[in-house]
Amino acid sequence: MSVSLEKIINQKLADIFAELGFNQNFAVIKTSDRPDLSDFQCNGALALAKSEHKNPREIAAQIAAALQQDADFSAVSVDGPGFINLKVNDTLIASTIDNISADERLGCDKVAEPQKIVLDSGGPNVAKALHVGHLRSAVIGESIRRIEKFVGNDIVSDVHFGDWGTPMGMILAEIIRQDGNLSKTETYTIEDISAFYKRANIRCKEDEDAKETARKITAELQNGNAEYRKAWQHLRSVSVAAVKKNYEELAAHFDLWLGESDAHETCAEIVNIAKDKNVAELDDGATIVRLEETNKPKPPVILVKSDGGYSYQVTDIATIKMRVDDLHAQEIIYVVDKRQSLHFEQVFEVAEKLGIAPNVKLQHIGFGTVNGADGKPFKTRDGGVMNLEDLIKLSKDKVRESMPEPTEEYNAEYIEKLVSQIAIGAIKFQDLKNNIASGYIFELDDFAKFDGKTGPYIQYAVARINSILRKAGALKGGNVVISNAEERDLALKIMQLNNIVMRAHEAKEPSIISDYAYTLAQTFSSFYNTSPIMSAETPQLAASRLRLAALVRDILTLLLNLLGIEAPEIMLKKA
RNA sequence: GUGCCCGUAGCUCAAUUGGAUAGAGUGUUGGCCUCCGACGCCAAAGGUUAUGGGUUCGACCCCCGUCGGGCACGCCA
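1. So, the overall build of chain A
Each helix and strand counted, chain A has 19 helices and 13 strands in total. Taking the principal axes of its C-alpha atoms as reference, chain A extends roughly 85 × 70 × 40 Å. Counting across all 575 residues of chain A, residues that qualify as buried make up 51%. Of the contacts formed within chain A by residues at least 6 apart in sequence, a portion of 73% connects residues at least 24 apart. One way to put it: in chain A the 67 positive side-chain charges average out to a point 2 Å from where the 83 negative ones average out.

2. Side note on the protein's contact with RNA strand B
With respect to spatial proximity, 62 residues lie near RNA strand B, and among them Arg 34, Phe 83, Glu 260, Lys 471 and Lys 573 are the closest. Of all atoms in RNA strand B that approach within 4 Å of the protein, 58% are sugar or phosphate atoms. Asn 85 is positioned such that a nitrogen or oxygen atom in its side chain is 2.8 Å from a base nitrogen of RNA strand B. In the environment of RNA strand B, a sugar or linking oxygen lies 3.4 Å from a nitrogen or oxygen atom belonging to the side chain of Arg 503. Sorting the residues of the surface near RNA strand B by element identifies helix H2 (44–52), strand S4 (83–88), strand S13 (440–441), helix H15 (455–472) and helix H18 (510–530) as the ones contributing at least two each. The biggest single contributor to the surface near RNA strand B is H15, with 7 residues. Among the residues forming the surface near RNA strand B, the class breakdown is 26 nonpolar, 17 polar and 19 charged.

3. Description of helix H12 (residues 341–354)
Taking 1.5 Å as the rise per residue, H12 with 14 residues should run 20 Å; its terminal C-alpha atoms sit 20 Å apart, in good agreement. All of the buried residues along H12 are His 343, Phe 344, Gln 346, Val 347, Phe 348, Glu 349, Val 350, Ala 351 and Leu 354. Buried residues along H12 sit against helix H10 (264–276), strand S8 (286–289), strand S9 (301–304), helix H11 (312–325), strand S10 (331–337) and strand S11 (361–367). Once H12 finishes, Gly 355 follows within two positions and takes phi at roughly 65°, a positive value.

4. A short note on the nonpolar core
The biggest cluster of nonpolar side chains holds 138 residues, and the ones touching the most others in it are Ile 494 and Leu 556. Tallying contributions element by element places helix H19 (residues 539–563) first for this core, with 13 residues. The residues contacting Ile 494, other than those within four sequence positions of it, are Ile 97, Ile 100, Tyr 516, Leu 520, Leu 548, Leu 551, Val 552 and Ile 555. Val 289, Val 301, Phe 344 and Ile 356 belong to the second largest nonpolar core, which has 31 residues in total.

5. Some words on the packing of aromatic side chains
The geometry of two aromatic rings is summed up by the distance between their centres and the angle between their planes. By the definition in use, this model includes 13 aromatic pairs. Note on Phe 17 and Phe 22: the rings are 6.1 Å apart at their centroids and 80° apart in plane angle, and the pair reads as edge-to-face. Its relative accessible area of 0% is what places Phe 17 among the buried residues. An angle of 50° between the planes, with centres 5.6 Å apart, marks the rings of Phe 524 and Phe 527 as tilted. Here Phe 524 pairs with Phe 527, and both are found in helix H18, just 3 residues apart, close to one helical turn. When its relative accessible area of 0% is taken as the criterion, Phe 527 is described as buried. In this structure an aromatic cluster arises from ring pairing among Tyr 247, Phe 254 and Trp 257. A cation over an aromatic ring shows up here: Arg 105 above the ring of Phe 150, its NZ or CZ 4.2 Å from the ring centre. It is Arg 199 that lies over the ring of Phe 196; its NZ or CZ is 5.0 Å from the centre.

The rules behind each value
- Residues numbered from 1 in each chain as written.
- Chains lettered and ligands numbered in written order.
- Predicted model: local features only at pLDDT ≥ 70, side-chain atom pairs only at ≥ 80, totals over all residues.
- Heavy atoms only, no water.
- Helix = DSSP H or I, 4+ residues; strand = E, 2+ residues; numbered from the N terminus.
- Buried < 20%, exposed > 50% of the residue type's maximum accessible area, 1.4 Å probe, protein only.
- Contact = heavy atoms within 4.5 Å.
- Lys, Arg positive; Asp, Glu negative; His and termini not counted.
- Charge placed at Lys NZ, Arg CZ, Asp CG, Glu CD.
- Near = heavy atom within 4 Å.
- Polar contact = N/O pair within 3.5 Å; in protein donor to acceptor, adjacent residues only side chain to side chain.
- Nonpolar A, V, L, I, M, F, W, Y, C, P; charged D, E, K, R; others polar.
- Expected span 1.5 Å × (residues − 1).
- Core = buried A, V, L, I, M, F, W, Y, C linked by side-chain atoms within 4.5 Å.
- Phe/Tyr/Trp six-rings, centres within 6.5 Å; stacked < 30°, edge-to-face > 60°.
- Lys NZ or Arg CZ within 6 Å of the ring centre and 35° of its normal.

Interpretation note: all reported values are geometric properties and have no functional meaning in isolation.
Below, the structure written as structure tokens:
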């Protein structure tokens, strides 16, 4: 038997609908929009009105009449145009909570048919420090990875390193310009390489010849020039090491550290397939694929540039083929800036034309940009982009200010660990509380406060429950009883967990999780404020409330984990 | 020029995909620490959902127009 009350009620409804001859697709409840009237509502009668050619209230009344026979409901009513409102018996609520509490997955389902998913997030580049733009991709990607894993899918994340484009030639050209050759390359650090790249970037913007040289070197590198390859190998490994450090701090995990360069061989295959299938043509010296322009103009996809180098489009197409052939992907998810949406439309369409990913679900989860106060992509005061590392440091500094002096019990190391957990939690929650698709205004000041709808608020709720549980000592949680409105509200809120996780999974939308985590913590705080736990009227009530508190703690910890945020055991604050 | 996205409380964002009285945070005002952690709780004020029409039992959501904003449009990735 399922631990989900929602499913139990849906089954009851389905039986009634079947008996009355109604379409069972509409036999579903949802959390009530009117908590003053009901716990759950069913809108099925309204949806049925059209096909049944009947007054929705009449249909609702028939269904309600059957529901009223069921002792599990304390109240059934038809309101408004035909809403069926249900109130559930307190004893049923209490036993449901006991079941959830006893379940190791806290009542959460797994998907019926697990899929092999490849997740493409990250997207860092050689020689470029991670900046705020990389934050969203890493943070959202990590959360989606954890959610999919939790619901039972087999998900593999790939950082998809940008290591094969013209910037490679630009850096090599710049090194040659300074040193005369590439002999010193292997002594260069990540800082040196970034500096070379910055100079090269400026030069290539101003000087068409420099750009041409860079393109030539890139093409030769791609075609196997041994000297270039050797130097490039160093640039890549140094960059990977630097970026790994950043991602580790954010707790963003990647199973694979492949890059564009790994798709090089397959690019040639793609070009051949395109030629075989007669979808490629030569245009201005470039090999391109034209796309159907049904309702909107679509630029062609360039496979091979006129200089002989592969475009990033063919690289992405080849990468799809590899992920399907080698990793057996059934689904590929790209967590990439939404400004790339046309690119992915094109790439997916070519993949379809070439038949390299049959029955594979390809989807681009495009996220909005992190913006400054002016609504444009976030820049530092001097006009540059803000480094991720600097951002993390700023947040940590703010948190550290609020910490007490180290003591014997909590030494400096302990406090620093806490600072990191809270600062990273604040940054990540700030990002994940917004819908993926919408950008958000980034306020540095938001890191000065940890009140309201923030990561630390939820961390605090967890720490406070931990504190209660420590004080409870030998006292153990016991069967849940509902004795007041706050307990009832909390119990109903807890029962939404499974639904929330499944919705977040289906929509690939972590903000559904973050929003719920916040309201659950909030509901708990109200409960906490009105319902004493240790000094409850009876031992039974104390045991019940202790179980509720422990369950909320476990759920919040799970939710934070799905968001990629740590839940510290305790929180400290300056006296 | 063409296409895509957006416009909701002073500010930053929601609204379970067409359902009831559009909700949170922040800011403002006022209450609550002798009591399990006040990074907390309770309350008040704040809205013609840019605008004009349409579709239907019912629209922030779907369709058309207008105004305003963002983004993308072949050899950067």
